[in-house]
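# Residue-level structural notes
If you want the building blocks of each chain, they are given just below.
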Amino acid sequence: SARVSSGPWLSLSSRVTTYSSYDMDLFDKVVEPAKEFAKDSTRLVNKCHKPDRKEFSKIAFATAIGFAVMGFIGFFIKLLSIPVNNIILGNQ
């Protein structure tokens, strides 16, 4: 009689895949950080709250001041770069 080397006729013990310690270490290196990230993310979302009107106004004011300061810095850099550029290139 002929032996069948593959297919559903194989015994269960020959179909069970054995994982090496390298595969398990790799699995742990992927799964553990994912579990930790999920746990930390859940903790963060549960700790967050909607700001009240006073807190929102304070944050909006600080953001507006930051935008204004960055705008003035950009404006003055551009203002100073025009004469410096003319000096370097000269009047052509």
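Residues numbered from 1 in each chain as written. Predicted model: local features only at pLDDT ≥ 70, side-chain atom pairs only at ≥ 80, totals over all residues. Heavy atoms only, no water.

Turning our eyes to something else, we now look at the packing of aromatic side chains. Tallying each qualifying case throughout the model produces two aromatic pairs. Here the aromatic rings of phenylalanine 72 and phenylalanine 76 are separated by 6.5 Å at their centres, their planes lie at 25°, and the arrangement is stacked. Here phenylalanine 72 pairs with phenylalanine 76, and both are found in helix H3 (residues 53-89), just four residues apart, close to one helical turn. With a relative accessible area of 45%, phenylalanine 76 lands in the partly exposed category. An angle of 65° between the planes, with centres 5.5 Å apart, marks the rings of phenylalanine 75 and phenylalanine 76 as edge-to-face. Judged by its relative accessible area of 49%, phenylalanine 75 falls in the partly exposed class. (Phe/Tyr/Trp six-rings, centres within 6.5 Å; stacked < 30°, edge-to-face > 60°. Helix = DSSP H or I, 4+ residues; strand = E, 2+ residues; numbered from the N terminus. Buried < 20%, exposed > 50% of the residue type's maximum accessible area, 1.4 Å probe, protein only.)

This part takes up a negative patch on the surface. Taken together, the side chains of Asp25, Asp28, Glu32 and Glu36 define an acidic patch exposed on the protein surface. Note that glutamate 36 resides in helix H2 (residues 21-47). (Patch = residues over 30% accessible without salt bridge, like charges linked within 9 Å, V, L, I, M, F, W, Y side chains within 5 Å. Areas by Shrake-Rupley, 256 points an atom, 1.4 Å probe, with all protein chains shown as cover. Salt bridge = Lys/Arg side-chain N within 4 Å of Asp/Glu carboxyl O. Lys, Arg positive; Asp, Glu negative; His and termini not counted. Charge placed at Lys NZ, Arg CZ, Asp CG, Glu CD.)

With 37 residues, H3 should cover 54 Å at 1.5 Å per step; its first-to-last C-alpha distance of 53 Å lies within 8% of that length. One or two positions beyond H3, positive phi appears at glycine 90, with a value near 75°. (Expected span 1.5 Å × (residues − 1).)

Glancing now at the confidence of the model for the protein. Looking at the protein, pLDDT values average 82 and 74% of them are 70 or higher. For the protein, the element scoring lowest by mean pLDDT is helix H1 (residues 12-15), at 52; H3 scores highest, at 94. (pLDDT = per-residue confidence, 0-100.)

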